[in-house]
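What follows is each chain in one-letter form.
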Amino acid sequence: MVAPSILLVIVFVYGLIGRNVATSFERVTQRTLAGNEKVVSEGGLANYANLLGDERYQHALWNLLVLTVVFVGGTMVFGILWALLLEKGVTAEGFFRSVYLFPMAVSFIASGTVWKWLLSPGIGDHEAIGLNRLFLNLGLPGLQSRWWSDPGAFNMAAMALPAVWQLSGYVMALFLAGFRGISEDQREAARVDGASEWQIYRHVLFPQLTPIALSALIIIGHMSMKTFDLIYAIAGQNNFIADVPATLMWVQLFQQRNAPMAAANATILLLIVAVVVVPYLVYTNRTERVAKR
């Protein structure tokens, strides 16, 4: 019953990963109009050395770091905050829960198209639209920003805003389910012992939600590292300011016609994601084995 699925995974997941790694070591040359042979990729480990030494790739890695930190931090903060508010049993909880979860139903391409307008870099009476126009109409021109198009060190923080808006509801759902899964008897026992509400959350509830927090961090973290469609929709396919490894891979493969360099980029990105995901999988397996004992 499971053999077809296993075969498909072996061929189309691990097989293609192996093919990608093999491509990353290839040597590629092109013949110029003058008839000379030009080396596009030297082959072997030199492909990785050249990629890691490329200033544009280093810039893309920095952008990825900023995007990941803001993305993960923002979704965790807002997700936990919304879960805390709903966990108290507010009026019209179903409505607010739907509002928070609705952005998850929107694709990154669709939300990116809307946020491209909201984060328009135009400033001033004649150029401002989106959020900048809103700030201008509210009498707060000082809040206007160039957003993601600002070549400053943290321009990618603005690029993370749509992702935070879209996935905070997912984190909220995880934590809300965790809160609801904890017996009310534990809270009552803590109150009888004289614990304040903060102490109940700090010493009783939050420690039991550690596995959920870890799962949310891993899921959101690896999603941010692979983000492509959102940045593609907002900044375009070849924008140095908003470059991340995934968008740079597109440029390397389809515009520069340099498949080995794009494959090396993909392999490094896979290793970065593996550094985050593999320890989590090991921890999960160990936890399950201990629980079975």
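Preceding this paragraph is the structure being described.
Residues numbered from 1 in each chain as written. Predicted model: local features only at pLDDT ≥ 70, side-chain atom pairs only at ≥ 80, totals over all residues. Heavy atoms only, no water.

### Topic: the side chain of asparagine 63
Argument step 1. On the secondary structure map, asparagine 63 appears in helix α3 (residues 55–87).
Argument step 2. A polar contact is formed between the side chain of asparagine 63 and the backbone oxygen of aspartate 243, at a distance of 2.8 Å.
Argument step 3. Contact partners of asparagine 63, with chain neighbours within four places excluded, come to Asn155, Met156, Phe240, Ile241, Ala242, Asp243 and Val244. (Helix = DSSP H or I, 4+ residues; strand = E, 2+ residues; numbered from the N terminus. Polar contact = N/O pair within 3.5 Å; in protein donor to acceptor, adjacent residues only side chain to side chain. Contact = heavy atoms within 4.5 Å.)

### Some details on the nonpolar core
Argument step 1. In terms of nonpolar packing, the biggest core is built from 45 residues, with Trp148, Met156, Met159 and Ile231 touching the most fellow members.
Argument step 2. Counting residues per element, this core draws most heavily on helix α7 (residues 156–180), at 12 residues.
Argument step 3. Those residues within four positions of isoleucine 231 in sequence are excluded, and the remaining contacts are Leu67, Met156, Met159, Gly236, Ala242, Val244 and Thr247.
Argument step 4. Counting residues in each nonpolar core, the second largest holds 8 residues, with Tyr48, Ala60, Ala264 and Ile268 among its members. (Core = buried A, V, L, I, M, F, W, Y, C linked by side-chain atoms within 4.5 Å. Buried < 20%, exposed > 50% of the residue type's maximum accessible area, 1.4 Å probe, protein only.)

### Re helix α10 (residues 210–225)
Residue pairs spaced three or four apart in an α-helix point in one direction, given the helix's 3.6 residues per turn.
Argument step 1. Look at α10: 22 Å from first C-alpha to last across 16 residues, which is about the 22 Å you get at 1.5 Å a residue.
Argument step 2. The complete set of buried residues in α10 reads Ser215, Ala216, Ile218, Ile220, Gly221, Ser224 and Met225.
Argument step 3. Elements in contact with the buried residues of α10: α3, α7 and α13 (259–292). (Expected span 1.5 Å × (residues − 1).)

### Points about the packing of aromatic side chains
Argument step 1. Counted according to the given criterion, the structure contains 13 aromatic pairs.
Argument step 2. Taken together, a centroid distance of 6.5 Å and an interplanar angle of 35° make the contact between phenylalanine 135 and tryptophan 147 tilted. On the criterion of sequence distance, the pair formed by phenylalanine 135 in helix α6 (residues 130–137) and tryptophan 147 in the loop between α6 and α7 is long-range, its members being 12 residues apart.
Argument step 3. Residue tryptophan 147 is classed as buried on the basis of its relative accessible area of 13%.
Argument step 4. An aromatic cluster is built from Phe228, Tyr232, Trp250 and Phe254, whose rings are joined through pairwise contacts. (Phe/Tyr/Trp six-rings, centres within 6.5 Å; stacked < 30°, edge-to-face > 60°.)

### Description of a positive patch on the surface
Argument step 1. Together, Arg286, Arg289, Lys292 and Arg293 give the surface a local cluster of positive charge.
Argument step 2. In this fold, arginine 293 is placed in the segment after α13. (Patch = residues over 30% accessible without salt bridge, like charges linked within 9 Å, V, L, I, M, F, W, Y side chains within 5 Å. Areas by Shrake-Rupley, 256 points an atom, 1.4 Å probe, with all protein chains shown as cover. Salt bridge = Lys/Arg side-chain N within 4 Å of Asp/Glu carboxyl O. Lys, Arg positive; Asp, Glu negative; His and termini not counted. Charge placed at Lys NZ, Arg CZ, Asp CG, Glu CD.)

### Describing helix α12 (residues 245–255)
Argument step 1. Pro245, Ala246, Thr247, Leu248, Val251 and Gln252 are the residues of α12 that are buried.
Argument step 2. Of the residues flanking the end of α12, it is arginine 257, one or two places downstream, whose phi is positive at about 55°.

### Quick word on the environment of glutamine 252
Argument step 1. Among the secondary structure elements, glutamine 252 is positioned in helix α12.
Argument step 2. A relative accessible area of 3% means that glutamine 252 is categorised as buried.
Argument step 3. Apart from the residues lying within four places of it in its own chain, the contact partners of glutamine 252 are Leu51, Arg257, Asn258, Met261, Ala262 and Asn265.
Argument step 4. A polar contact of 3.2 Å, which involves the side chain of glutamine 252, links it to the side chain of asparagine 265.

### Description of the packing of α3 against α7
Argument step 1. For the pair α3 and α7, the least separation of the axes is 6 Å and the interaxial angle reads 40°. Considered as vectors, α3 and α7 are oriented oblique to each other. Relative to α7, α3 is oriented so that their crossing is right-handed. (Axes fitted to C-alpha atoms, helices over the stretch in contact; angles between N-to-C directions. Parallel < 35°, antiparallel > 145°, perpendicular 65-115°, else oblique. Left-handed = near helix turned anticlockwise from the far one by under 90°.)

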